[in-house]
Every structure is written in structure tokens, then in C-alpha cells.
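Spelled out from the first residue to the last, the chains are:
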Amino acid sequence: MSGRRGGGLLVAGTTSDAGKSVVTAGICRWLVRQGVKVAPFKGQNMSLNSFVTREGAEIGRAQAMQAQAARVEPSALMNPVLLKPGSDRSSQVVLMGRPVGELSARGYHGGRQEALFGTVVECLEELRGTYEAVICEGAGSPAEINLRRTDIVNMGIARAARLPVLVVGDIDRGGVFASFFGTTALLAPEDQALIAGYLVNKFRGDVTLLEPGLEMLHGLTGRHTYGVLPFAHGLGIDEEDGLRVSLRGAVRESVVAPPVGEDVLRVAVCAVPLMSNFTDVDALAAEPGVVVRFVDRAEELADADLAVVPGTRGTVKALGWLRERGLADALARRAAEGRPVLGICGGFQMLGELIEDDVESRAGTVDGLDLLPVRVRFARDKTLARPVGAALGESVEGYEIHHGVAEVLGGEPFLDGCRVGPVWGTHWHGSLESDGFRRAFLREVAAASGRRFVPAPDTSFGVLREEQLDRLGDLIEEHADTDALLRLIESGAPSGLPFIPPGAP
């Protein structure tokens, strides 16, 4: 980049889930392969999928993934504000990696958000002083006119830092031309001056059929389309706002290698309310012969070889949901029959005897499922850690994000938790990404289930993740106007971009 430091770009979207996270990661991977020192950034993120940095800061998992794409260590600077929903109306606010309180949406947008703007700008400027390029991700749509006054993640940060903006649209949803035009036309003139152009995502078919529309869009807006990215199956990249597929669908979209043994293993993940870090099961889904599904009915556990109770931002609420739907009884039957159950973080807490919660739900003392000899007390301080250890004769790494403090009263030790027969529990997210441990665990599950399943001896989750990130970099390199993108990052939005009426109301 001609040695210039501090270039930048904001990747916005016409909607949530337009592809901002993966495009940002793809640009980061493409740039670092060109020798550019690059970092990701998202000023404010709302997500239940989070990660713990080596310094013990909690950030959005998508930003951790983007940091990996950029081949840099993730830090709190890359996601200074994280909102973790606890209900439809309130979220925990995590500032610079530490929780600072619970706020309603009205309370946050009514004043607290603006107060955080200085911190967001300072973090971005610190990154721009360290890296040659910072690729920023927006949130939702920049044309959410009801929230523009307090915006700190889209046009607010773009205008403060004079960042050019690339708007991504998901053509698979339809209406992409109207979305590009409408997004631009609802912005104030000062904001429109930073909208450099557009990027079409998830296109299927012959791109020449799209070109007349792109030419008309340029005529209407004076702005170029910087690329048309084809639809790519099975990227398996960490998401922010929801599951990659419906809760009743399989985790992976792509066809993986056939099983090594004679049988497959079926994994059913209970789709509890406020499910967090559901990416924990990605490593299972990456194994040939392992089929992972999210389920919400008791009968769907019947043919599963392993039932997983995942993390959640509402442990007591999720516990009630399991009971209401008959899943609690189904889990108890599995345990009595010697069929494997794994609880992770909030799921581990639910499997215990008792939960004392005067912090998260304020429900007081609640009976757990009584499948593990564990008692849980919720503390006001959140545990954020990157533990390392061993289990099943293999080394394991993970990360912890929880308010619940578990007192383990018996059973066999299992990471920080315990095991009783076919029931396992731990607070450690990400432990299944440790290849040797994952294979050993799956062998235990297969033996308990009577399945002739054999883990593949050479599956490396780390290598698979790198391959996925390289695929994102390839999409940018092969289907975007990379020379024009470099000019944007280095020099900002082109001058003289026309105003599209009516502008902001």
C-alpha cells in the first residue's frame, strides 16, 4: 500500500446478514496475502457469540474470526462495545471487554450509546496508528433513520473517521438494486458523500445477465459496483446474529467426506432460548460421519447418539424451556439409559442439582436437572478466561464466559466440570476444537451408543478454518475489483459523488 499507514474502509450492508462479516474477513485475508498489515474493527456489535482474547477481554466472535483472517491476535480494540441480549428489550453492555451493566434498548439509544462514541473513535484511531489498513464492519443497515442520531457503528463512525463505505447487498434475498438505491437515498448529503459504491453478494448464475442492472444502478447513483461475489456453499464461518441455517436444519451445508467407520454419529443440539456460542459444535460437524442438528422437540433426541445442551445468556429461562417442551425428561431418560449427554457452559449449569441466580434472571434458587453433582451460584463478576488443560489423555484449550460459579461435589473430573457415566459437563467453550480431545470424546460417544463409528485420524479443525478463510480471500481476489478497493482503502471515497434525493428525513 505504498507504505501508507492508517487506510480504512467501512463494510456496510443493506440489511442484517447481508454478508458484512464474511466480506470483511475476506478483504482482511486478501490484504494480508498482499503483504498489508491489516486489522478488523467493529465499533458496536450485538451478538450472543463471543470470544475471550488472551488478555481476558470479551469481544464478538466474528471479530475474532476476522482477526484470524488478518493473521493478527484479536484484542478489545477491535470490538470496543459488545451488546449481549438477555431479552427482547435489554442487553448486557460489554465495554472494552468487560461487562458494565444491563440496559434496555431505550436506555442505550437514549444516551448511553452517544457517551460511548468517543471510546469507539479512540479505538479505531489507535488501530489506524498501528496498522496499514483497518477494515471496519457496520451493523444492520446504515439507513436505519430512526437510529442515525446516536449511530456509532455505521455512518457515525464513517463520518468521524472519514472512511469510505462499501455497501454489501444479498442478491439471494431479492430486491438488491432497490436496496442499494434506497440505502443511499435515505442518507444525508454528508453521509452520501462517503458511500463509495456497492458489492453484490451470493449471486447465482450468469453474471452477464446482471450487468445491465449494474450499469443502470451506476447511472442512477453515480457509484460503481466493486464486485459480484458468487454464492458459496458451506463456508462455515462464525456468525453474529443467528444460526447459519434454521434451527431445524443441519449445521453444515456442504457435503463432507464419508465416515471412516461403518456408522455415522448423530448429534442433537437443544436449541435453547438465547443460545450463545453455538459455534462450539462446528468442530463436531467438521468430522466426517458426524451429523449435527439443532432440535426443539423431545422426540428429536430419540435417535441421537449425543445430545448437547449448549450455552445460553438465560440459564434459568432455558431450563424452564427444556421442561416445558419435554426435553428435560428426554435428557433424564438418556442418562438413565447410558446414552451420552454433553452440557457446555449454561448447559453444564442446567445439568446440575441446583442454581442460585440473583444476578442474571433474579429467580433465586431453582432446581436443576440433577444429572450431575454440581451446584451453581451466579456471581456479579463475570469469569473470562482462556484455560488450558487435559482430558481423556489429550491436551485441551478453551475459553470461559460465565457468571455462574460451579461447585463440583462428585463424579469424575472433566476439564473444569465433571462426568457421571454418560453425562459430561464443562464451562469450556471451544474445547472440541482441540483435535485429539475431540477424537477421544467421539470414541467415547460411539462406544456408549454402540455405533461402529471411527473418527478420522487426520481432521484438523485449525486447518479447515484456515481453508475457509482462504476461500473468503479467494472470493475477493477473483470476483472484486481489487485495484479499486485498494484505492478506496488508501485514498477514501471518490470526490464529486452525486447526491441522491430525498436524503435523510
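Scroll up to find the structure.
Just so we're clear, the structure is a prediction, and the values are computed from it rather than from any experiment. (Residues numbered from 1 in each chain as written. Predicted model: local features only at pLDDT ≥ 70, side-chain atom pairs only at ≥ 80, totals over all residues. Heavy atoms only, no water.)

Enquirer: I'd love a proper account of the overall build of the protein, names of residues and values included.
Expert: Summing up its helical and strand segments, the protein has 15 helices and 27 strands in all. Relative to the compact-globule value of 23 Å for 505 residues, the protein shows a C-alpha radius of gyration of 23 Å, a close match. Considering the protein as a whole, with its 505 residues, one finds that 58% of them fall into the buried category. Restricting the contact set of the protein to residue pairs at least 6 apart, pairs at least 24 apart contribute 74%. Summed over all atoms, the accessible surface of the protein reaches about 19,500 Å², with 50% contributed by carbon and sulfur. Counting 52 positive and 66 negative side-chain charges, the protein places the averaged centre of each group 2 Å from the other. (Helix = DSSP H or I, 4+ residues; strand = E, 2+ residues; numbered from the N terminus. Rg over C-alpha atoms; globule rule 2.2 N^0.38 Å. Buried < 20%, exposed > 50% of the residue type's maximum accessible area, 1.4 Å probe, protein only. Contact = heavy atoms within 4.5 Å. Areas by Shrake-Rupley, 256 points an atom, 1.4 Å probe, with all protein chains shown as cover. Lys, Arg positive; Asp, Glu negative; His and termini not counted. Charge placed at Lys NZ, Arg CZ, Asp CG, Glu CD.)

Enquirer: For the pairing of strand β12 (residues 224-230), give the residues involved together with the corresponding values.
Expert: Pairing geometry for strand β11 (residues 195-203) and β12, over four bridges, is parallel. Within the sheet, the bridge partner assigned to Val200 lies in β12 and is Val228. Where the polypeptide runs from β11 across helix α8 (residues 211-221) and back to β12, its parallel neighbour, the crossover connection is right-handed. (Pairing = 2+ DSSP bridges. Right-handed = clockwise from strand over helix to strand, strands pointing away.)

Enquirer: Give me the lowdown on the nonpolar core, citing residues and values where you can.
Expert: One finds Leu9, Ile27, Leu31, Val38, Ile135, Val165 and Leu485 to be the most contacted residues of the largest nonpolar core, which totals 73 residues. Looking at this core, the element that brings in the most residues is helix α1 (residues 20-33), giving eight residues. Contacts of Ile27, omitting those with residues within four sequence positions, involve Leu9, Val11, Ile135 and Ile476. Val272, Leu284, Ala285 and Phe461 belong to the second largest nonpolar core, which has 67 residues in total. (Core = buried A, V, L, I, M, F, W, Y, C linked by side-chain atoms within 4.5 Å.)

Enquirer: I'd like a description of the sheet that holds strand β21 (residues 374-385), backed by residues and values.
Expert: Each strand in a sheet pairs with another by means of backbone hydrogen bonds, the pair being arranged parallel or else antiparallel. Ordered in space as β20-β19-β21-β24, the four strands form an open sheet in which the pairing is mixed. With one partner strand each, in any of the chains shown, β20 (364-367) and β24 (400-408) form the two edges of the open sheet. On average, adjacent strands in this sheet sit at an angle of 35° to one another, irrespective of strand direction. As paired elements, β21 and β24 share eight bridges and run antiparallel to each other. Directly across from Phe378, in β24, lies its bridge partner Gly404. (Axes fitted to C-alpha atoms, helices over the stretch in contact; angles between N-to-C directions.)

Enquirer: How would you summarise the layout of surface pockets if you had to cite specific residues and measurements?
Expert: In this structure, the second largest pocket occupies an estimated 650 Å³ of space. Along its surface, the second largest pocket is lined by 24 residues, and Phe51, Gln68, Arg386, Glu397 and Glu433 are the ones closest to its centre. Within the residue set of the lining of the second largest pocket, elements represented by two or more residues are α2 (61-70) and α14 (461-479). (1 Å grid on protein atoms, 1.4 Å probe; cavity = no way out; pocket = protein on both sides within 12 Å on 5 of 7 lines; lining within 4 Å. Points joined across faces, edges and corners; volume = space filled by probe spheres on them.)

Enquirer: So what's going on with helix α6 (residues 176-185)? Residues and values would help.
Expert: Buried within α6 we find Val176, Phe180, Thr183, Thr184 and Ala185. Contacts from the buried residues of α6 go to β10 (165-170), α7 (189-192), β11 and α8.

Enquirer: Residue-level account of empty space enclosed by the protein, with values.
Expert: In this structure the tally under the stated criterion is four cavities of 30 Å³ or more. Surrounding the largest cavity, 20 residues form its lining, Thr312, Arg313, Glu360, Ile401 and His402 being those nearest its centre. Secondary structure elements with two or more residues in the lining of the largest cavity: β17 (311-312), α12 (346-350), β21 and β24. Here the lining of the largest cavity takes four residues from β24, the largest share from any one element.

Enquirer: I'd love a proper account of the environment of Arg148, names of residues and values included.
Expert: One can find Arg148 in the loop between β9 (133-137) and α5 (155-161). As a C-alpha pair, Arg148 and Asn277 span 129 residues in sequence and 30 Å in three-dimensional space. A polar side-chain atom of Arg148 sits 2.8 Å from a polar atom in the side chain of Asp191. (Polar contact = N/O pair within 3.5 Å; in protein donor to acceptor, adjacent residues only side chain to side chain.)

Enquirer: Would you mind going over the pattern of salt bridges in detail, with residue names and values included?
Expert: Following the criterion strictly, the structure yields 26 salt bridges and no others. Linking Arg204 and Asp172 is a salt bridge whose minimum nitrogen-to-oxygen distance equals 2.9 Å. Here Arg204 is found in the loop between β11 and α8, whereas its partner Asp172 is found in the loop between β10 and α6, with 32 residues between them in sequence. Given the relative accessible area of 40%, Asp172 is considered partly exposed. Residues participating in the shared-partner salt-bridge network are Arg29, Arg33, Glu466, Asp470, Asp474 and Glu477. (Salt bridge = Lys/Arg side-chain N within 4 Å of Asp/Glu carboxyl O.)

Scope: geometric values only; no functional claims are made or implied.
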